[in-house]
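Each chain is listed here by its residues.
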Amino acid sequence: MLRSQDESAKEQALLALRNFSTSPENASKIVRERGLASLVGCLRSPEEKVNEHAIVVLRNVSVHAEVDLETSREGGLPPLVSLMRSPDERVQEQAIMALRSLSLNHANEVTLVSDTGVPSLMELLLAPQEAIQLQALSTVRSLTAQPENQLKIVA
């Protein structure tokens, strides 16, 4: 269903996965069944609800170490960075939270700092919504925990 051309069908499937993925055992099943590629594909949907639900599922399964790098290998970081600029505040906030979770893996952290993730986060520190500011700040704080990132982020 996640590969369907019908965005409504994708949304319904993602809602089910969103609920399903809250359990660690089920999150592992999603990964084992190669669901990450389909989830990353949903991040490119033109529908904000599809984006939001895909991000939450990714965030739910990202508590597993193997998912952190696999999400990056599947190309998940660039669309998440792009979704931080979504006009939908819920999508923005979920994208920031997912990136913070994924950045706990050092390789993903390096990618985020080296690519366009930091400028987008810095812009969101000035967002009118306090919740988005706080999520962006928390993610920047997480990224600056590594001394080698501090100069790159400030530059």
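Reference entry: report on the structure contained in this document. (Residues numbered from 1 in each chain as written. Predicted model: local features only at pLDDT ≥ 70, side-chain atom pairs only at ≥ 80, totals over all residues. Heavy atoms only, no water.)

Attention now goes to the side chain of Glu52. Within the secondary structure, Glu52 sits in helix H4 (residues 48-61). Given the relative accessible area of 7%, Glu52 is considered buried. A distance of 3.3 Å separates a polar atom in the side chain of Glu52 from a polar atom in the side chain of Arg90. Aside from chain neighbours lying at most four places away, what touches Glu52 is Arg18, Arg90, Val91 and Gln94. (Helix = DSSP H or I, 4+ residues; strand = E, 2+ residues; numbered from the N terminus. Buried < 20%, exposed > 50% of the residue type's maximum accessible area, 1.4 Å probe, protein only. Polar contact = N/O pair within 3.5 Å; in protein donor to acceptor, adjacent residues only side chain to side chain. Contact = heavy atoms within 4.5 Å.)

Before going further, it helps to spend a moment on the nonpolar core. Membership of the largest hydrophobic core comes to 40 residues, with the highest contact counts inside it found for Leu39, Ile55 and Met84. For Ile55, the residues in contact, after removing those within four places along its chain, are Leu43, Leu80, Leu83, Val91, Gln94, Ala95 and Ala98. (Core = buried A, V, L, I, M, F, W, Y, C linked by side-chain atoms within 4.5 Å.)

With six of its eight residues buried, helix H3 (residues 35-42) lies for the most part within the structure. Within H3 the residues assigned to the buried category are Gly35, Leu36, Ser38, Leu39, Val40 and Cys42.

We now examine helix H1 (residues 7-20). For H1, with 14 residues, the first-to-last C-alpha span of 20 Å sits near the 20 Å given by 1.5 Å per residue. Near the N-terminus of H1, the side chain that reaches the backbone nitrogen of Ser8, with its oxygen 2.9 Å away, is that of Asp6. (Expected span 1.5 Å × (residues − 1).)

The next subject is the pattern of salt bridges. Within the structure shown, the criterion is met by six salt bridges. Two residues, Glu52 and Arg18, come together in a salt bridge whose shortest N-O distance is 3.8 Å. Of this pair, Glu52 sits in helix H4 while Arg18 sits in helix H1; the two residues are 34 residues apart in sequence, bridging distant segments of the chain. Among the salt bridges present, the one from Arg73 reaches Glu70, with a minimum N-O distance of 3.0 Å. Placement of the pair is Arg73 and Glu70 together in helix H5 (residues 65-73), with a separation of three residues, close to one helical turn. Using a relative accessible area of 60% as the deciding quantity, one classes Arg73 as exposed. Glu70 gets classed as partly exposed once you look at its relative accessible area, which sits at 25%. What you see here is one network of salt bridges that share partners, running through Arg18, Lys49, Glu52, Asp88 and Arg90. (Salt bridge = Lys/Arg side-chain N within 4 Å of Asp/Glu carboxyl O.)

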